[in-house]
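# Descriptive analysis of the structure
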Amino acid sequence: PSWLHADVAFSIVAETTPGDRVFAVGTPESLGAWDPRAALELTTAPETYPQWSGIGRLVAPKCGKACMEYKMVILKEDGGVCWEEGPNRKL
């Protein structure tokens, strides 16, 4: 087929403040199509903090190279968005 389904694990170490939320946001719709408020929300727990993680079901066009890009973002309690620095990550 011309598409691929995969469950992909996302994980990042992110120091946050209470009320902050961490997301994986990127090109595929399942990662919000670059809209942080529609992205895959990661979770943490007291015993794993500051490690945040989540699993997203991705659908991507079949191509011979990395064709999906993403970044991690922190949505602040006040509505601000803090984007991960550096180049986009690729799958």
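The structure presented is a predicted model; accordingly, all values stated were derived computationally and were not measured.

### As for the overall build of the chain
Scanning the chain from terminus to terminus reveals zero helices and seven strands. Mapped in sequence order, the helices and strands of the chain form the string β-β-β-β-β-β-β. Looking at the chain as a whole, 33% of its 91 residues are labelled buried. Contacts in the chain between residues at least 24 apart in sequence constitute 60% of all its contacts with a sequence separation of at least 6. For the chain, the computed accessible surface area is about 5700 Å², with 56% contributed by carbon and sulfur atoms.

### Points about the pairing of strand β5 (residues 69-75)
The buried fraction of β5 amounts to six of the seven residues, a majority that puts the element mostly inside the structure. Inspection of the sheet shows strand β2 (residues 21-26) paired to β5 by six bridges, in the antiparallel sense. Within the sheet, the bridge partner assigned to F23 lies in β5 and is V73. Where β5 lies against strand β6 (residues 81-83), three bridges are found, and the strand directions are antiparallel. Its bridge partner lying in β6, V73 is registered against W83. Counting the residues between successive antiparallel strands, the hairpin from β5 to β6 contains five residues, one of them, G79, with a positive phi of roughly 100°.

### Brief notes about the nonpolar core
Soluble, globular proteins show a tendency: their nonpolar side chains are buried together. Core analysis: the biggest nonpolar cluster contains 15 residues, and F10, I12, V22, L31, L42 and M72 have the highest contact counts within it. Listed by contribution, the elements that provide at least two residues to this core are β1 (3-13), β2, β4 (51-61) and β5. The residues contacting M72, other than those within four sequence positions of it, are F10, S11, I12, F23, A24, L42, C82, W83, E84 and R89.

### Things to note about the environment of A6
Here A6 lies in strand β1. The spacing of A6 and R57 is 51 residues in sequence and 5.6 Å in space, taken between C-alpha atoms. Ignoring anything within four residues of it in the chain, the contact list for A6 reads G56, R57 and L58.

### Here we look at the side chain of D20
Its location among the elements puts D20 in the loop between β1 and β2. The buried category is assigned to D20, whose relative accessible area is 8%. Within polar-contact distance, the side chain of D20 engages the backbone nitrogen of T17 at 2.9 Å. Setting aside anything within four residues of it in sequence, one finds D20 in contact with W52, I74, L75, K76 and E77.

The rules behind the values
- Residues numbered from 1 in each chain as written.
- Predicted model: local features only at pLDDT ≥ 70, side-chain atom pairs only at ≥ 80, totals over all residues.
- Heavy atoms only, no water.
- Helix = DSSP H or I, 4+ residues; strand = E, 2+ residues; numbered from the N terminus.
- Buried < 20%, exposed > 50% of the residue type's maximum accessible area, 1.4 Å probe, protein only.
- Contact = heavy atoms within 4.5 Å.
- Areas by Shrake-Rupley, 256 points an atom, 1.4 Å probe, with all protein chains shown as cover.
- Pairing = 2+ DSSP bridges.
- Core = buried A, V, L, I, M, F, W, Y, C linked by side-chain atoms within 4.5 Å.
- Polar contact = N/O pair within 3.5 Å; in protein donor to acceptor, adjacent residues only side chain to side chain.

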